[in-house]
Amino acid sequence: MYKKSIAELSQGLASGEFSSAELTRTYLDRIETHSAGLNALISVTADEAMAAAQLADQTRQAGNAGLLTGVPLIHKDIFCTEGVKTSCGSKMLDNFIAPYDATVVASCKAAGMPMLGKANMDEFAMGSSNETSFYGPVKNPWNIETVPGGSSGGSAAVVAARLAPIATGTDTGGSIRQPAALCGITGLKPTYGRVSRYGMIAFASSLDQAGPMTRSAEDAAWLLNIMAGFDARDSTSVERDVPDYTATLNDDLQGLKIGLPKEYFGEGLDADVGRVVDAAIKQYQQMGAELVDISLPNSHLSVPTYYVVAPAECSSNLSRFDGVRFGYRCKDPQDLEDLYKRSRGEGFGAEVKRRIMMGTYALSAGYYDAYYLKAQQLRQLISDDFKQAFEKVDVIMGPTAPDVAFKLGAKASDPVSMYLSDIYTIATNLAGLPGMSIPAGFVAGDKGDMPVGLQIIGNYFDESRLLNVAHQYQQETDWHTRIPQGFE
Ligand code: GLN
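The following paragraphs examine the structure supplied in this document.

Basis of the calculations
- Residues numbered from 1 in each chain as written.
- Predicted model: local features only at pLDDT ≥ 70, side-chain atom pairs only at ≥ 80, totals over all residues.
- Heavy atoms only, no water.
- Helix = DSSP H or I, 4+ residues; strand = E, 2+ residues; numbered from the N terminus.
- Expected span 1.5 Å × (residues − 1).
- Contact = heavy atoms within 4.5 Å.
- Phe/Tyr/Trp six-rings, centres within 6.5 Å; stacked < 30°, edge-to-face > 60°.
- Lys NZ or Arg CZ within 6 Å of the ring centre and 35° of its normal.
- Near = heavy atom within 4 Å.
- Polar contact = N/O pair within 3.5 Å; in protein donor to acceptor, adjacent residues only side chain to side chain.
- Areas by Shrake-Rupley, 256 points an atom, 1.4 Å probe, with all protein chains shown as cover.
- Nonpolar A, V, L, I, M, F, W, Y, C, P; charged D, E, K, R; others polar.
- Core = buried A, V, L, I, M, F, W, Y, C linked by side-chain atoms within 4.5 Å.
- Buried < 20%, exposed > 50% of the residue type's maximum accessible area, 1.4 Å probe, protein only.

### Comments concerning helix α12 (residues 369-392)
Step number 1: The terminal C-alpha atoms of α12 lie 34 Å apart, and with 24 residues this matches the ideal 34 Å at 1.5 Å per residue to within 8%.
Step number 2: Among the structural elements, β8 (290-294), α9 (302-317), α11 (350-363), β9 (395-399), α14 (426-431) and β11 (448-458) are those in contact with the buried residues of α12.

### Considerations on the packing of aromatic side chains
Step number 1: Within the structure shown, the criterion is met by 17 aromatic pairs.
Step number 2: The interplanar angle of 75° and the centroid separation of 4.7 Å between the aromatic rings of Y306 and Y307 together place this pair among those described as edge-to-face.
Step number 3: The interplanar angle of 55° and the centroid separation of 5.9 Å between the aromatic rings of Y361 and Y371 together place this pair among those described as tilted. Here Y371 lies in helix α12 and Y361 lies in helix α11, a separation of 10 residues in the sequence.
Step number 4: Among the aromatic residues, ring-to-ring pairing joins F96, F124, F321, F326 and F348 into one connected group.
Step number 5: One cation-aromatic arrangement involves R30 over Y2; the distance from NZ or CZ to the ring centre is 3.7 Å.
Step number 6: One Lys or Arg, K411, reaches over the ring of F406 and ends 4.4 Å from the middle of that ring.

### A few points about the site of the ligand
Step number 1: The immediate surroundings of the ligand are formed by 15 residues, with G173, S175, Y306, R355 and D422 found nearest.
Step number 2: Contact distances for the ligand include 3.2 Å between an oxygen atom and a backbone N or O atom of G174.
Step number 3: Between the ligand and R355, the relevant distance is 2.7 Å, taken from an oxygen atom to a side-chain nitrogen or oxygen of the residue.
Step number 4: The fraction of the free accessible surface of the ligand (290 Å²) that becomes covered by protein chains is 100%.
Step number 5: Looking at the shell around the ligand, its residues break down into five nonpolar, seven polar and three charged.

### Focus: the nonpolar core
Step number 1: Membership of the largest hydrophobic core comes to 149 residues, with the highest contact counts inside it found for F124, Y284, F386, M397, L454, I456 and L467.
Step number 2: Among the elements that take part in this core, α9 stands out by supplying eight residues, more than any other.
Step number 3: Aside from chain neighbours lying at most four places away, what touches F124 is C88, S90, M92, L93, I201, F203, L318, F321, F348 and V352.

By themselves these figures say nothing about function.
So, in structure tokens, the structure goes:
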């Protein structure tokens, strides 16, 4: 049962081949057997999941089932879940039980999808390896000595290990796509504003976007159908119709123009990863696509720009965690200042503190123009590069990450080399564009066979096309069906 696609699960539930209770139990059993070794989950909500599964079965018997009624999933622990701990990977929120559901969570609940648990993640989604989590690092199911990527590493690991059919993630600078690449799954970061951010704990509000993390593009289309849509409670949510993302999966790719930015294939890209990505692109050519050389000349500015904008926004967003209203409070504070200082000092981890300090500095009166204002100007240049590219091409392709999964601890003490893990994904967030990562093959080496992701970037609100382009490749290849050893 755990090898079935969402379409097959939906079909199996509709025909009565199995019930949601049986399906949910199957996954909970797999979680029990495998999840401790991966450390991929912060909470397992077995009782709630079984109750939701029974409700889904009753809804079906009453003839009111939707397509996904009874299909279980896992949410990243950044989404508020009513009555269930929402930690955001931080000691600061280790005791936080959300009083309401995020819109994404509410939409999945309304669709009748039982929640199996909450996925481990980098603290406040800051990281590329899942090593900044208060709950310890997640292990990559392809080799448990390596990182799963981050910050949605728990979500990527559970889908790769088949501990859930699908999961949700969030992406501020690459946190859906990079872990998807490193764990050999499919991940889609939608256009900024496509999916509601309400109830999703804010990291950098102008960049954060939630999306599906799945085995295949087809599964992602099913989940995006539920996640996408206007939400009056998110002021940056876009009022625009949601197409049926499954309807165009089978469109022909004949004549598709694929842009290949020269900046994404140069220095810094691992040669073996580059070969896998080249082979995937050749495959598209054989499928009828046309390859066009392009340039995104301001690409080299995206990491430095991001590391001004994202910390600036996080320093403001995280000011609410003061020991008074939410989460952790230090013991025996002497006065209000001591309460603030020690609650924040003890509640936040090192990477979060680093970001708050960088952001506060960049926003300070004396340096605002030199850093924040300048970064906003560069952000515009980066967006304009894409605008010009999309006048010539339909999608842009390249690697998702410069290398395969690295060893746990390898970059933990070197923030800059960690920040470079997102060198190919960050510009998309700065521009607000949708981007996807799909499994494109493996690199054989001393870590064993490690998965490689192909990144596909689309124009604004062109998620249908991204999913179509990804699905067509997955009709021709079977990389996305591979299961890591020990989890078959
Ligand atoms: N790795 C990047 C960071 O640490 C992106 C994280 C994300 O997308 N949430 O900020």
